[in-house]
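The primary structure of each chain is shown beneath.
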Amino acid sequence: MSELINDVRHEVQRGVILMILVRRNLDWVPFSELRAQMARGQGYPLTDAELWFHLRYLAGRNYVETRNPRPGRSDISLYLVRAVPKAVDLLDGRLERDVGIAF
């Protein structure tokens, strides 16, 4: 039962991440700002590792892009992230539901 609860929580967290990024008009958002918005604005405090996990998942599904504005520095808190048009289509219901993301 606990595993199912974690799965659902992760799906909701990924949905919230996409909603935040889409509302930012597909602009680049600093990783640290997204983490703060998840914690303070949405009530989902995530560690850097947890948020990075969700972003890698979303990037693997082609819903977000990440970039490091400081090549050579691997600190993930320096990264930028943004939603791509496919994320808007998913959120607006123009794409088939993704089982790993809940809105």
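Residues numbered from 1 in each chain as written. Predicted model: local features only at pLDDT ≥ 70, side-chain atom pairs only at ≥ 80, totals over all residues. Heavy atoms only, no water.

Chemist: When you look at the environment of Leu-34 in this model, what are you seeing that I'm missing?
Modeler: Mapped onto the secondary structure, Leu-34 falls in helix 2 (residues 31-41). What makes Leu-34 buried here is its relative accessible area of 0%. Considered as a pair, Leu-34 and Arg-9 are 25 residues apart in the sequence and their alpha carbons are 18 Å apart. Excluding residues within four positions of it along the chain, Leu-34 makes contact with Ile-17, Ile-20, Leu-21, Val-29, Leu-51, Leu-55 and Val-81. (Helix = DSSP H or I, 4+ residues; strand = E, 2+ residues; numbered from the N terminus. Buried < 20%, exposed > 50% of the residue type's maximum accessible area, 1.4 Å probe, protein only. Contact = heavy atoms within 4.5 Å.)

Chemist: Explain helix 3 (residues 48-60) here, please?
Modeler: Think of an α-helix as turning once every 3.6 residues; residues three or four places apart then point the same way. The end-to-end C-alpha distance of helix 3, which contains 13 residues, comes to 18 Å, matching closely the 18 Å that a straight helix rising 1.5 Å per residue would cover. If you check which residues of helix 3 are buried, you get Leu-51, Trp-52, His-54, Leu-55 and Leu-58. Viewed end-on, helix 3 has its buried residues packed into an arc of 160°, placing them on one side of the element. Exposed and facing more than 90 degrees away from the buried side of helix 3 are Ala-49 and Gly-60. Lining the buried residues of helix 3 we find helix 1 (2-23), helix 2, strand 2 (64-67) and strand 3 (80-83). Two residues or fewer past helix 3, Asn-62 is found with a positive phi of approximately 65°. (Expected span 1.5 Å × (residues − 1). Arc of directions from axis to C-beta.)

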